[in-house]
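Here is what each chain is made of, one letter per residue.
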Amino acid sequence: MENTTEKRELVQEEKKSGLTIADLLLTAILLAAGAVLKFFVGSFINIGGMKPNFIIAMYCMIIVLIRPNIIYAAIIGLLAGAICQFFPGTPYLNFASELAGAIAMCLLIKIPLKFGKYDPIPALATFLSTVVSGGLYTVLLLTAMHADKATLAAYVPIVLCTALFNAVIVQILYIPLKLALKK
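Computed from a predicted structure; not experimentally measured.

## Regarding a nonpolar patch on the surface
Moving on, step 1. Together, Ile70, Ile71, Ile75, Leu79 and Leu107 make up a nonpolar patch on the protein surface, roughly 450 Å² of accessible area in all.
Moving on, step 2. Looking at which element gives the most residues to the nonpolar patch, the answer is helix α4 (residues 70-84), with four residues.
Moving on, step 3. Secondary-structure assignment places Leu79 in helix α4.

Have a look at this one:
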């Protein structure tokens with residue numbers, strides 16, 4: 001009897017060690033959706049330069065849904081950075097910023113925080129991960145441009161509003177997607 005229980009635990013451990021095909025498909029679909037939304041919808045929603053970054057929102061959604069380990073989260077961030085290379089902007093900076101944002105998201109979702117049935121982690125972690133990603137992107141961009149502190153200050157509201165938009169998007173979509181995926 002004990003031997004059978006040990007085998008079940010070993011099989012369960014093996015299943016948890018990597019991503020399933022369903023997780024990989026979800027990753028591909030949500031990153032593609034993020035790219036399409038950023039291309040089409042992102043150009044319409046623009047309030048003083050502040051708009052949602054659907055690619056960040058989607059990798060945050062992926063990470064909160066599949067809860068990968070830090071290495072898989074880093075890979076998701078690098079994939080998101082690669083997708084960002086197809087959009088206007090400064091080349092290569094997104095690799096670092098999306099990597100940092102994805103790792104931040106992976107670490108933040110581990111915080112146990114619930115208020116009854118309400119789980120604020122998807123929104124809170126997305127907000128903070130977007131700040132990490134946008135903040136690093138801004139610092140790298142302004143360092144490359146040798147910009148002054150006033151220029152940096154101009155980017156702060158853009159990053160914070162983008163983080164707010166992304167947090168709302170992820171929180172709204174989290175429960176229906178979680179139920180649909182039976183996670």
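## Description of unusual backbone geometry
Moving on, step 1. The phi torsion at Arg67 lies on the positive side, around 50°, for a residue other than glycine.
Moving on, step 2. Along the polypeptide, Arg67 turns up in the loop between α3 (54-66) and α4.
Moving on, step 3. You can call Arg67 partly exposed: its relative accessible area is 41%.
Moving on, step 4. For His146, which is not glycine, the phi dihedral falls at a positive 55°.
Moving on, step 5. Of note, His146 is situated in the loop between α6 (121-145) and α7 (149-181).
Moving on, step 6. Look at His146 and you get exposed, because its relative accessible area is 71%.

## Some details on the nonpolar core
Moving on, step 1. Counting 33 residues, the largest nonpolar core has Tyr59 and Ile63 as its most contacted members.
Moving on, step 2. Looking at this core, the elements with two or more residues in it are α2 (21-40), α3, α4, α5 (93-108), α6 and α7.
Moving on, step 3. The biggest single contributor to this core is α3, with 13 residues.
Moving on, step 4. When residues no more than four places from it in sequence are discounted, the contact partners of Tyr59 are Leu31, Ile76, Ala80, Ser97, Glu98, Gly101, Ala102 and Ser133.

The rules behind the values
- Every chain's residues receive numbers from 1 upward, in the order its sequence appears when written.
- Restriction of local features to residues with pLDDT of at least 70 applies here, the model being predicted, together with a cutoff of 80 or more for giving and counting side-chain atom pairs; totals for whole chains, interfaces and linings are based on all residues.
- Side-chain figures throughout are based on the complete set of non-hydrogen atoms in the structure, without hydrogens or water.
- Patch membership needs two things, relative accessible area over 30% and no salt bridge, and members are linked within 9 Å if like-charged or within 5 Å if nonpolar (Val, Leu, Ile, Met, Phe, Trp, Tyr).
- All accessible areas in this document rest on Shrake-Rupley with a 1.4 Å probe, and a residue is counted as covered only by the protein chains that are shown.
- Salt bridge criterion: a side-chain nitrogen from Lys or Arg within 4 Å of a carboxyl oxygen from Asp or Glu.
- Helix and strand labels come from DSSP, where a helix needs a run of H or I of at least four residues and a strand needs a run of E of at least two; each type is numbered from the N terminus.
- Relative accessible area decides the class of each residue, using a 1.4 Å probe on protein chains only: under 20% of the type maximum gives buried, over 50% gives exposed, and in between gives partly exposed.
- In these notes, a set of buried Ala, Val, Leu, Ile, Met, Phe, Trp, Tyr and Cys residues joined through side-chain atoms within 4.5 Å is what counts as a nonpolar core.
- Between two residues, a contact is recorded if the distance between any of their heavy atoms is within 4.5 Å.

Honestly, it's all geometry; don't read function into it.
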